[in-house]
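Residues per chain, in single letters:
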Amino acid sequence: MLGSDINFFCYSGTGNTLLIVNKMIKIFSDQGIRVNLYQIEHTDPKKIATGKTIGLAFPVAFQSTFPFIWNFINNLPQTKGTPVFMVDTMMAFSGAIVGPLKRVLSVKGYDCIGACEIVMPNNWLPKTIDEEKNSKKINEGLEKAGNYALELIEGQASWNRMPFLSQGLYHLCCNDFIMKRVNLSAGRKITLNKEKCLKCGLCARLCPVDNIEMKEYPVWHNSCEVCMRCLSFCPIKAVFIPGKEFKNYRAVKAKELLNENPGRS
Ligand SMILES: Cc1cc2nc3c(=O)[nH]c(=O)nc-3n(C[C@H](O)[C@H](O)[C@H](O)COP(=O)(O)O)c2cc1C
């Protein structure tokens, strides 16, 4: 049962997931369901109240999701049957999130009432951006999100997956060795063009894992998870990866992703 109050926890790198969440909130609100929206990157999962339904929303990364999202999920409190639903966005395919997530949440005592994966435009170093194709994808994604929200309200949503295969892929994609040496290696190459840099600090404010320290110029430390925010939102493209040609993908304005409005309902 979805209930009449939802605490929705969302992380969105470049805005795709936020668009989906906003659509779902609109459908919930139209049906009289109250929703509080929180940013995963600014929430301590251990302090979450479990008396209301929990929603989780995040992008797919490396067939699963980012380590800091897993960290959030792994630290959610134990509960006795709190309903939880998830929605993720991806460019094409994820094999290692829906099953493994259900497993973790079930062990913690949550009632997994619905899972939905939604295709949205690619934000991972896109070589070109086709506005027409992207807007078609976004419209289809928003429609799917709206239908999913209705299914949740009507108790028709489900959370199925082949846990065995999904779990195997999770161990392959998300283990520390692969994450640090392969998946996250692009983060170590992120470079700043100091001559271009406006020293505006936007990259540091947007970084979900506080990996960017604003000194005279922004300085990247070693815990980048390549969420694409600093690369995508730099107003003058001063942040780049040497040897990689890519366009900046943004589905929303940077201010919509900042922590200026936590817990809005
Ligand atoms: C580092 C990274 C890895 C990604 N890996 C996948 C993937 O394995 N499968 C996929 O379909 N999309 C992948 N994507 C694409 C994003 O999941 C997709 O564009 C998503 O909608 C972005 O959402 P956001 O704007 O809320 O961050 C990846 C994106 C990034 C930045």
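This is a predicted model, so every value here is computed, not measured.

A. Fine view of helix α4 (residues 131–154). Between its first and last C-alpha atoms α4 spans 34 Å; for 24 residues at 1.5 Å apiece the expected length is 34 Å, and the two agree. Listing the buried residues of α4 in full gives N134, I138, G141, A145, G146, Y148, A149 and L152. Considering only its buried residues, α4 is in contact with α1 (16–30), β4 (83–90) and β5 (111–119). For α4, the side-chain oxygen to backbone nitrogen distance between the N-cap and E132 is 3.1 Å, and the N-cap itself is D130. Downstream of α4 by a residue or two, G155 has a phi angle that is positive, lying close to 75°.

B. Representation of the site of the ligand within the structure. Contacts to the ligand come from 23 residues, most closely from S12, T14, T17, V60 and A92. One nitrogen or oxygen atom from the main chain of G15 is found 3.1 Å from an oxygen atom belonging to the ligand. For the ligand, the protein covers 97% of the area, taking 650 Å² as the surface of the free molecule. Secondary-structure elements contributing two or more residues to the shell around the ligand are α1 and β4.

C. Examining the domain arrangement of the protein more closely. Entries for the protein in the domain assignment read domain 1 (5–169) and domain 2 (187–252). If you look at the interface, domain 1 gives 23 residues, while domain 2 gives 19 residues. For the pair domain 1 and domain 2, the two sides together bury roughly 1,800 Å², of which 67% comes from carbon and sulfur. Counting the contacts that link domain 1 with domain 2 gives one salt bridge. In this structure, E41 engages R229 in a salt bridge whose closest nitrogen and oxygen atoms are separated by 3.3 Å. Elements with a minimum of two residues in the side of domain 1 that touches domain 2: α1, α2 (67–74) and α4. Residue composition of the side of domain 1 that touches domain 2, grouped by class: 12 nonpolar, nine polar and two charged.

D. Broad picture of the packing of aromatic side chains. The final tally for this structure, using the stated rule, is 10 aromatic pairs. Taken together, a centroid distance of 6.3 Å and an interplanar angle of 90° make the contact between Y11 and F66 edge-to-face. In this pair, Y11 is assigned in the loop between β1 (5–10) and α1 and F66 in the loop between β3 (53–59) and α2, connecting sequence segments 55 residues apart. Note on Y11 and F68: the rings are 4.9 Å apart at their centroids and 85° apart in plane angle, and the pair reads as edge-to-face. Residue Y11 is found in the loop between β1 and α1, and its partner F68 is found in helix α2; the two are separated by 57 residues along the sequence. The pair Y11 / F68 is uniform in exposure class, with both members buried.

E. Up close: the packing of α1 against α4. Look at α1 against α4: their axes get within 9 Å of each other, and the N-to-C directions meet at 40°. The angle between α1 and α4 falls in the class oblique. Here the hand of the crossing between α1 and α4 comes out right-handed. For the pair formed by α1 and α4, the contact residues are L19, I20, K23, M24, I27 and F28 on the first element and I138, G141, L142, A145, G146, Y148, A149, L150, L152 and I153 on the second. Residue composition of the contact of α1 with α4, by class: 13 nonpolar, two polar and one charged.

F. The arrangement of the pairing of β4 in detail. In terms of burial, β4 is largely enclosed, as eight of its eight residues are buried. Going residue by residue along β4, you find P83, F85, V87 and T89 tucked away on one face and V84, M86, D88 and M90 tucked away on the opposite face as well. The sheet contact formed by β3 and β4 spans six bridges and is parallel. Bridge assignment links G55 to a residue of β4, and that residue is F85. Tracing the backbone out of β3, into α2 and back to the parallel element β4 gives a crossover that is right-handed. Taking the sense of rotation as the criterion, the β-α-β connection linking β4, helix α3 (residues 98–107) and β5 turns out right-handed.

What counts and how
- Residues numbered from 1 in each chain as written.
- Predicted model: local features only at pLDDT ≥ 70, side-chain atom pairs only at ≥ 80, totals over all residues.
- Heavy atoms only, no water.
- Helix = DSSP H or I, 4+ residues; strand = E, 2+ residues; numbered from the N terminus.
- Expected span 1.5 Å × (residues − 1).
- Buried < 20%, exposed > 50% of the residue type's maximum accessible area, 1.4 Å probe, protein only.
- Contact = heavy atoms within 4.5 Å.
- Polar contact = N/O pair within 3.5 Å; in protein donor to acceptor, adjacent residues only side chain to side chain.
- Near = heavy atom within 4 Å.
- Areas by Shrake-Rupley, 256 points an atom, 1.4 Å probe, with all protein chains shown as cover.
- Domains from an automatic or database assignment.
- Buried area = accessible area lost by both parts, 1.4 Å probe.
- Salt bridge = Lys/Arg side-chain N within 4 Å of Asp/Glu carboxyl O.
- Nonpolar A, V, L, I, M, F, W, Y, C, P; charged D, E, K, R; others polar.
- Phe/Tyr/Trp six-rings, centres within 6.5 Å; stacked < 30°, edge-to-face > 60°.
- Axes fitted to C-alpha atoms, helices over the stretch in contact; angles between N-to-C directions.
- Parallel < 35°, antiparallel > 145°, perpendicular 65-115°, else oblique.
- Left-handed = near helix turned anticlockwise from the far one by under 90°.
- Pairing = 2+ DSSP bridges.
- Right-handed = clockwise from strand over helix to strand, strands pointing away.

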